[in-house]
Amino acid sequence: SLTDSPVTLKILQNCVPRVSHYFDKEHYTYVGHQIVIQESIEHFGAVVWPGALALSQYLESNQEQFNLKDKKVLEIGAGTGLVSIVACILGAYVTATDLPEVLENLSFNISRNTQNVNAHKPEVRKLVWGEGLNEDFPVSTYHYDFILATDVVYHHTALDPLLATMVYFCKPGTVLLWANKFRFSTDYEFLEKLCNIFNTTILAEFPESNVKLLKATVREN
């Protein structure tokens, strides 16, 4: 239930900012690896948002509770790929997905940061929320242990397709980890809908950043 008291955390500044004219390259350190993220100013999905930092930090610090080694992990709305890279370093079979226009930068970041990591080779794929799920990710073939999502809820019109996508991929045994900065009433409305469908717990709150990290699982009748 949402009444369990979540742990209160602060997002650590695991980065050393470097600035160039076209792209910001952010340098992070997680799980003993330096991760260099190229950001693009052209798309929302090409910037590292606070939810990605929160989830990366949480996965690094809670490896016993959420052991990703050899687990199948799907990230939806992967953006710059930071969370997928951390999951890959932690030993998961990672599929990072986002809109077509984000994939080039996403692929670049994931490839550059995982090529020298002794881990399963991650996959980057197009996924438009709510569209072509049965064709591109048939249930008979694709089952994921973890669904990861960060800062996917903000002021946009695809909230219902996003929720439908979460429902589609969350099967019995799947854990959804969602970290989000809460800004708008629509963010809380989405949370309420999520709680009506899934068993939902707030794992952690990052008050300075207005970020909540939630765990959701399918209600088994």
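Summary of the structure given here. In this text the structure is predicted, and so the values were computed from the model without any measurement.

What counts as what
Residues numbered from 1 in each chain as written. Predicted model: local features only at pLDDT ≥ 70, side-chain atom pairs only at ≥ 80, totals over all residues. Heavy atoms only, no water. Axes fitted to C-alpha atoms, helices over the stretch in contact; angles between N-to-C directions. Helix = DSSP H or I, 4+ residues; strand = E, 2+ residues; numbered from the N terminus. Parallel < 35°, antiparallel > 145°, perpendicular 65-115°, else oblique. Left-handed = near helix turned anticlockwise from the far one by under 90°. Contact = heavy atoms within 4.5 Å. Nonpolar A, V, L, I, M, F, W, Y, C, P; charged D, E, K, R; others polar. 1 Å grid on protein atoms, 1.4 Å probe; cavity = no way out; pocket = protein on both sides within 12 Å on 5 of 7 lines; lining within 4 Å. Points joined across faces, edges and corners; volume = space filled by probe spheres on them. Buried < 20%, exposed > 50% of the residue type's maximum accessible area, 1.4 Å probe, protein only. Pairing = 2+ DSSP bridges. Right-handed = clockwise from strand over helix to strand, strands pointing away.

### Some details on the packing of helix α5 (residues 159–169) against helix α6 (residues 185–197)
Then step 1. Look at α5 against α6: their axes get within 11 Å of each other, and the N-to-C directions meet at 30°. The angle between α5 and α6 places the two elements in the roughly parallel class. Pair α5 / α6 crosses with right-handed handedness. Residue-level contacts link Leu159, Asp160, Leu162, Leu163, Met166 and Val167 of α5 to Thr186, Phe190, Lys193, Leu194 and Ile197 of α6.
Then step 2. When grouped by side-chain class, the residues that make up the contact of α5 with α6 number eight nonpolar, one polar and two charged.

### As for the layout of surface pockets
Then step 1. In this structure, the second largest pocket encloses a volume near 170 Å³.
Then step 2. In terms of lining residues, the second largest pocket is bounded by Cys88, Ser107, Ile110, Ser111, Thr114, Gln115, Val117, Ala119, His120, Lys121, Pro122 and Val124.
Then step 3. Among the elements that take part in the lining of the second largest pocket, helix α3 (residues 103–114) stands out by supplying four residues, more than any other.
Then step 4. Looking at the lining of the second largest pocket residue by residue, the classes come out as six nonpolar, five polar and one charged.

### Remarks on unusual backbone geometry
Then step 1. For Asp151, which is not glycine, the phi dihedral falls at a positive 45°.
Then step 2. Within the secondary structure, Asp151 is located in the loop between β8 (146–150) and α5.
Then step 3. With a phi close to 60°, Asn210 is a non-glycine residue in the positive phi region.
Then step 4. Tracing the chain through its elements places Asn210 in the loop between β10 (198–206) and β11 (211–218).

### Some remarks on α5
Then step 1. Three or more residues of α5 are buried, namely Leu159, Leu162, Leu163, Thr165, Met166, Tyr168 and Phe169.
Then step 2. Turning to α5, the residues buried within the fold contact β5 (72–76), α4 (133–136), β8, β9 (175–181), α6 and β10.

### Some remarks on the pairing of β8
Then step 1. Counted residue by residue, β8 has five buried out of five residues, so it is predominantly covered.
Then step 2. Residues Phe146, Leu148 and Thr150 line one face of β8 and the alternating positions Ile147 and Ala149 line the opposite face, and both faces are buried.
Then step 3. Pairing of β5 with β8 involves four bridges; the strand directions are parallel. When the bridges of β8 are listed, Leu74 appears paired with Ile147.
Then step 4. Pairing of β8 with β9 involves five bridges; the strand directions are parallel. Its bridge partner being in β9, Leu148 is matched across the sheet by Leu177.
Then step 5. Once you follow β8 into α5 and on to β9, the crossover reads as right-handed.

### Concerning the pairing of β5
Then step 1. By the criterion of burial, β5 is predominantly enclosed, with four of the five residues buried.
Then step 2. Bridge count for β5 against strand β6 (residues 93–98) is four bridges, and the pairing is parallel. In the sheet register, Val73 faces β6, and the bridge partner there is Val94.
Then step 3. Taken together, β5, helix α2 (residues 82–89) and β6 form a β-α-β motif whose crossover is right-handed.

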